[in-house]
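Okay, here's what each chain looks like letter by letter:
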Amino acid sequence: MTLSSGIVGVPSGIRDAANTPDPSTSVRRRRADWRVWMYAVPVVLVFTFVFIGPLIYTAWTALHETTYYQIGAFSGLNSFVELFSDPDLPTQIGTTLVFSLGALAIALPAGLISAIVLNGLHRFKRTVRSLFLLPWLMSQAIAGVIWLWFLNPNYGPASYITTSLGFGPTDVFSSPTSALVAVTLITAWWSYPQAMLLFLGALQTIPGELRESLKMDGGGLWREFVSITLPFLRNTIVSVTVVLLMLYVQMVTIILVTTRGGPLNATETLSMRVYNQTFLDFDLSGASATAILLFAVNTALTLVAIRFRRKEAL
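Being a predicted model, the structure only gives us computed values, none of them experimental.

The rules behind these values
Residues numbered from 1 in each chain as written. Predicted model: local features only at pLDDT ≥ 70, side-chain atom pairs only at ≥ 80, totals over all residues. Heavy atoms only, no water. Helix = DSSP H or I, 4+ residues; strand = E, 2+ residues; numbered from the N terminus. Buried < 20%, exposed > 50% of the residue type's maximum accessible area, 1.4 Å probe, protein only. Contact = heavy atoms within 4.5 Å. Areas by Shrake-Rupley, 256 points an atom, 1.4 Å probe, with all protein chains shown as cover. Core = buried A, V, L, I, M, F, W, Y, C linked by side-chain atoms within 4.5 Å. Phe/Tyr/Trp six-rings, centres within 6.5 Å; stacked < 30°, edge-to-face > 60°.

Undergrad: Would you mind showing me how to read the overall build of the protein here?
TA: Within the protein, the secondary structure is distributed over 13 helices and 2 strands. When burial is assessed residue by residue, the protein has 34% of its 314 residues classed as buried. Pairs at least 24 apart in sequence give 64% of the contacts found in the protein among residues at least 6 apart. Carbon and sulfur atoms make up 67% of the accessible area of the protein, which totals about 19500 Å².

Here's what the structure looks like:
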């Protein structure tokens, strides 16, 4: 018996037909590849124009001298040298950390508790959820104006209440410490619904059988929270923490509406420094250098979150 190409008793015509690619399969494959590119190209273009383009332009501006909004001669790293040699920079970094971590320490547990309450409701769930979401439905400017009116020492309701109780009018925005505390509380009040929604979505993925088994074993609410809720929400807590911190680090509007960075620059965060350098000092090069620093901080937060989530996945 003769062996031909390692196949016994198979005619050459059948072998050639089996090895020949089907033209219809190739056409379908090319069409599928073309459809993939049709979806991918718009995303890449939007990402380039919205993110990559402005980032490159910001870095380019930071490396040049600027007169008002006109880019001049190449100056190298002079903007970054001036940034890190500024004696106000450590104070502004400290203010940013106190403001961001303080708002996070309030908004994160408030969002988690609100999500647990909503997840356990069976009646009036939509009404209560709408009330909880009310702060987030406002823009930052509207939230800042409302609290600025409420805490006004001359005609605000808060001042009327404290005066009626014998404590005198409130003037929280006149003191550096109280102004920073007030701005932090306002920001946490406005942003906690975002954490609540993310936690609520994660809570609804927890299997109900686990809770029923725990109740049959005599476990209470605290045991359920520690043994079931927290383990399932661990990755969500990390994600919410990073999202809120990135939001707080870049927060401008609420601070601008309420304190404008004062009094005595007590509420001037790095984001407010960018605003002041751009629109008050017309130092576009310095503002770009500070913006690059903010971008580095946000990138570091994202990388830490990704690394933590990988460890949890392992």
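More follows now that the structure is in view.
Undergrad: Could you clarify how one ought to interpret the nonpolar core in this entry?
TA: One broad trend across soluble globular proteins is that nonpolar side chains are buried collectively. Counting residues in hydrophobic clusters, the biggest one holds 40 residues, and the most contacted among them are F99, F199, L244 and Y248. A per-element tally of this core places helix α8 (residues 176-203) first, with 14 residues. If near-sequence neighbours (up to four positions away) are discounted, Y248 is found in contact with F99, S100, A103, L104, A107, T187, A188 and S191. Membership of the second largest hydrophobic core comes to 12 residues, among which are F80, V249, V274 and A289.

Undergrad: What should I look at first to understand the packing of aromatic side chains in this one?
TA: Here the distance between the centres and the angle between the planes together describe a pair of aromatic rings. Within the structure shown, the criterion is met by 8 aromatic pairs. Here the aromatic rings of Y68 and F282 are separated by 5.3 Å at their centres, their planes lie at 55°, and the arrangement is tilted. Of the two residues, Y68 sits in the loop between β1 (64-67) and β2 (70-74) while F282 sits in the loop between α12 (270-279) and α13 (284-313), which places them 214 residues apart along the sequence. Where W149 meets F150, the ring centres are 6.5 Å apart and the plane angle is 65°; that geometry is what we call edge-to-face. Residue F150 is classed as partly exposed on the basis of its relative accessible area, which comes to 28%. What links up through ring pairs into an aromatic cluster is the set W147, W149, F150 and W189.

These figures capture arrangement, not role.
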